Amino acid sequence: MNVKLVYCTRTNHSKKIADSIAAAIQIPAENVADKPALENVDLLFLVGGIYSGDSLPGMIAFVESLDQNKVRRVALVTSCVSYKMPQKAVRNLLLNKGIVVVDEFMCKGSFLIFGLRHPNQTDFDNAAQYAKGIMENMSGMK
Ligand SMILES: Cc1cc2nc3c(=O)[nH]c(=O)nc-3n(C[C@H](O)[C@H](O)[C@H](O)COP(=O)(O)O)c2cc1C
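The rules behind the values
- Residues numbered from 1 in each chain as written.
- Predicted model: local features only at pLDDT ≥ 70, side-chain atom pairs only at ≥ 80, totals over all residues.
- Axes fitted to C-alpha atoms, helices over the stretch in contact; angles between N-to-C directions.
- Helix = DSSP H or I, 4+ residues; strand = E, 2+ residues; numbered from the N terminus.
- Parallel < 35°, antiparallel > 145°, perpendicular 65-115°, else oblique.
- Contact = placed C-beta atoms within 7 Å.
- Nonpolar A, V, L, I, M, F, W, Y, C, P; charged D, E, K, R; others polar.
- Buried ≥ 20, exposed ≤ 12 C-beta atoms within 10 Å, placed from the backbone.
- Arc of directions from axis to C-beta.
- Pairing = 2+ DSSP bridges.

Engineer: Now, about the packing of helix H2 (residues 57–64) against helix H3 (residues 88–97): what can you tell me, with residues and values included?
Structural biologist: Where H2 meets H3, the closest approach of the two axes is 10 Å, and the angle between their N-to-C directions is 5°. Compared by their axis directions, H2 and H3 come out roughly parallel. Contacts from Met59, Ile60, Val63 and Glu64 of H2 reach H3 at Ala89, Val90, Leu93 and Leu94. Taken together, the residues of the contact of H2 with H3 break down into seven nonpolar, no polar and one charged.

Dropping the structure here:
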């Protein structure tokens, strides 16, 4: 199974979360800013934060550029202070392209005094466990 891991970040939370996932599933974490090339991807982890209710423009632009013939499935990992703001626009773009969204994992972030010290080591570990679980569920699928 060809698996890729891409993050988009403004305050580095998503990079840290992606690094934790990368260590757990032993693939590199790539920054959208580096324009990762995706070919024949069975599963793509997309890690990003929420700003004023939605994903960063860099994440949206990256998802807009995805080709459904090159990326089959996406698992979202979303970092936000409220713990309950999914990546709506990203999900809709993926669905409109015919790319399957297998799941979305919410990871606590912070904003001003809210969510202080998040994401923390437990959040990183939980994200890594989530990714490993998705990989196990998908093993054997094409
Ligand atoms: C300016 C700003 C706006 C934010 N807006 C929201 C928001 O609307 N909803 C939310 O749940 N979290 C919000 N957050 C929290 C971030 O989503 C959270 O800290 C996330 O972990 C940031 O990810 P990043 O560092 O990878 O960019 C905001 C944070 C900042 C700094």
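Engineer: With reference to specific residues and values, describe H2.
Structural biologist: Within the sequence span of H2, burial applies to Met59, Phe62 and Val63. Taken around the axis of H2, the buried residues stretch over an arc of 95°, which confines them to a single face. Summarising the geometry of H2, the exposed residues directed more than 90 degrees from the buried face are Pro57, Ala61 and Glu64. The inward-facing, buried residues of H2 abut strand S1 (3–8), strand S3 (43–49) and H3.

Engineer: I'd like a description of the sheet that holds strand S5 (residues 100–108), backed by residues and values.
Structural biologist: The five strands lie next to each other as S2-S1-S3-S4-S5, forming an open sheet whose pairing is parallel. On the outer flanks of this sheet lie strand S2 (29–31) and S5, each paired with one strand and no other. The average angle at which neighbouring strand axes cross in this sheet is 25°, direction not considered. Sheet analysis places strand S4 (residues 73–80) next to S5, joined by eight bridges and oriented parallel. Residue pairing for S5: Val77 is matched across the bridge by Phe105. The sheet strands contacting helix H4 (residues 121–138) are S1, S3, S4 and S5, and the helix crosses S5 at an angle near 165°.

Engineer: Please set out unusual backbone geometry residue by residue, giving values where relevant.
Structural biologist: A negative phi angle is the norm for most residues apart from glycine, just as the trans form is the norm for most peptide bonds. Here the residue pair His118 and Pro119 is connected by a cis peptide bond, since its omega of -5° sits within 30 degrees of zero. With respect to the helices, strands and loops of the structure, Pro119 is situated in the loop between S5 and H4. Unlike most non-glycine residues, Lys35 shows phi in positive territory, near 50°.

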